[in-house]
2 protein chains.
Amino acid sequence: MATYARPVERLISELSRLPSIGPRSAQRIAFHIIRSRKEEALALAEALREVKERIRPCRRCFNLAEGEECDICRDPRRDRGVICVVEDPYDIGPIERTGEYRGLYHVLGGALSPLDGVEPEDLHIAELVERVRNEGTRELILATNPNTTGEATAMFIAQEVRELPVRVTALASGLPVGGDLEYADEVTLGRAFAGRREL
Amino acid sequence: MATYARPVERLISELSRLPSIGPRSAQRIAFHIIRSRKEEALALAEALREVKERIRPCRRCFNLAEGEECDICRDPRRDRGVICVVEDPYDIGPIERTGEYRGLYHVLGGALSPLDGVEPEDLHIAELVERVRNEGTRELILATNPNTTGEATAMFIAQEVRELPVRVTALASGLPVGGDLEYADEVTLGRAFAGRREL
């Protein structure tokens with residue numbers, strides 16, 4: 001016999017499938033939902049339904065979009081001559097929050113990883129090259145993750161567009177602001193040295 | 001302009017309201033849901049709906065129940081002469097998992113805390129006394145939390161049933177099994193001394 005009534009066990013089990021929610025959190029969340037007002041739980045249920053029914057990839061940049069194109073691609077104030085290339089849609093939020101970037105994006109859908117079976121044709125690389133060719137892109141900022149697969153992906157893309165008249169850049173590596181030099185790993189510190197700038 | 005399409009922002013916001021889910025986890029979970037199969041998200045939405053529509057407090061013990069009474073109260077194999085008193089429904093799971101207990105439960109719905117405005121009439125204490133009176137309860141095991149409010153609640157209940165022919169016990173305090181004496185706090189260690197047993 002299960003410890004809790006079947007609908008409770010079912011909710012705990014569904015919640016446990018979500019990332020970063022362990023069995024204890026799932027139970028705590030389930031009990032919170034049971035205690036809270038019915039409207040709150042139904043609002044979450046409706047938000048789940050809506051996101052699955054209305055959200056699809058932007059046909060231009062593969063960011064999440066409610067219609068055919070995402071809000072950023074549709075925004076006439078964005079600089080259409082610059083494309084920032086990211087692995088996932090959720091890399092866009094942090095970049096937008098810097099307030100430093102006013103160009104467009106291109107979401108690859110992951111990073112190259114032959115060992116995991118992720119080949120160039122599994123990512124939206126061909127579509128990116130096509131955009132650079134057709135949209136008169138001046139600069140391609142490669143903002144893949146600063147790790148092995150991300151950097152391999154950036155190198156691959158740089159190769160793919162080498163014949164096109166586009167400037168290709170990558171985000172700087174270095175010490176995180178507010179971080180402590182004592183605790184920096186040696187690869188980051190090495191990059192910080194290599195990329196040191198004049199003051 | 002929000003960073004993500006409106007339905008995505010809405011889902012992130014609804015997820016952020018849940019306990020132990022910060023804004024970053026909410027975003028991670030939302031993107032997981034967007035990536036995952038539609039059926040999975042709808043199963044969670046349905047589980048939320050079902051739990052709000054089908055779960056109510058057991059009319060006997062105030063555990064969570066799908067019908068009028070919870071599975072434990074309905075189970076004929078449980079010892080009906082013993083009631084274990086807990087603060088919340090989610091205290092039942094850990095006790096059930098010990099496999100040590102085969103009696104019934106009574107969920108108080110919290111602990112006495114006059115400073116927070118939780119008075120005896122806010123908890124299911126009167127119903128507990130009524131049960132002890134009517135169900136021929138032999139033993140009441142007070143398993144409120146081992147903290148100030150939990151222990152005050154246990155003391156209050158012990159007083160309330162002192163005229164009734166029922167044995168009143170409380171869970172043992174002491175060193176956690178697998179714990180390290182060196183790191184035990186002094187209150188726990190003091191309790192472990194006071195409750196020491198013959199070997």
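Predicted model only: the values in this text are computed from it and were never measured. (Residues numbered from 1 in each chain as written. Chains lettered and ligands numbered in written order. Predicted model: local features only at pLDDT ≥ 70, side-chain atom pairs only at ≥ 80, totals over all residues. Heavy atoms only, no water.)

Draft legend 1. Region of interest: the sheet that holds strand 3 (residues 79-86) of chain B. Residue and element names in this part refer to chain B. The strand order across the open sheet built from four strands is 4-3-5-6, with neighbouring strands paired in parallel fashion. In this open sheet, the two strands that pair with only one neighbour each are strand 4 (103-107) and strand 6 (167-170). In this sheet, adjacent strand axes meet at a mean angle of 25° when their direction is disregarded. Across the face of the sheet, helix 7 (residues 148-160) comes into contact with strand 3, strand 5 (139-142) and strand 6 while running at roughly 165° to strand 5. (Pairing = 2+ DSSP bridges. Helix = DSSP H or I, 4+ residues; strand = E, 2+ residues; numbered from the N terminus. Axes fitted to C-alpha atoms, helices over the stretch in contact; angles between N-to-C directions. Contact = heavy atoms within 4.5 Å.)

Draft legend 2. Expanded view of the pairing of strand 3 of chain B. Residues and elements named next belong to chain B. Most of strand 3 is tucked away: six of the eight residues are buried. As paired strands, strand 3 and strand 4 are joined by five bridges and run parallel to one another. Bridge pairing links V86 to V107 in strand 4. Once the chain exits strand 3 it traverses helix 5 (residues 92-98) before rejoining the sheet at strand 4, and the crossover so formed is right-handed. In the sheet, strand 3 pairs with strand 5 via four bridges, with the strands oriented parallel. (Buried < 20%, exposed > 50% of the residue type's maximum accessible area, 1.4 Å probe, protein only. Right-handed = clockwise from strand over helix to strand, strands pointing away.)

Draft legend 3. How the structure looks around the sheet that holds strand 6 (residues 167-170) of chain A. Residue and element names in this part refer to chain A. With respect to topology, four strands assemble into an open sheet ordered 4-3-5-6, the strand pairing being parallel. The sheet is open, and its two borders are formed by strand 4 (103-107) and strand 6, each paired with just one other strand. The average angle at which neighbouring strand axes cross in this sheet is 25°, direction not considered. Along the sheet, helix 6 (residues 125-134) contacts strand 3 (79-86), strand 4 and strand 5 (139-142); its crossing angle with strand 4, the most-contacted strand, is approximately 155°. Docked against the sheet, helix 7 (residues 148-160) engages strand 3, strand 5 and strand 6, running at close to 165° with respect to strand 5.

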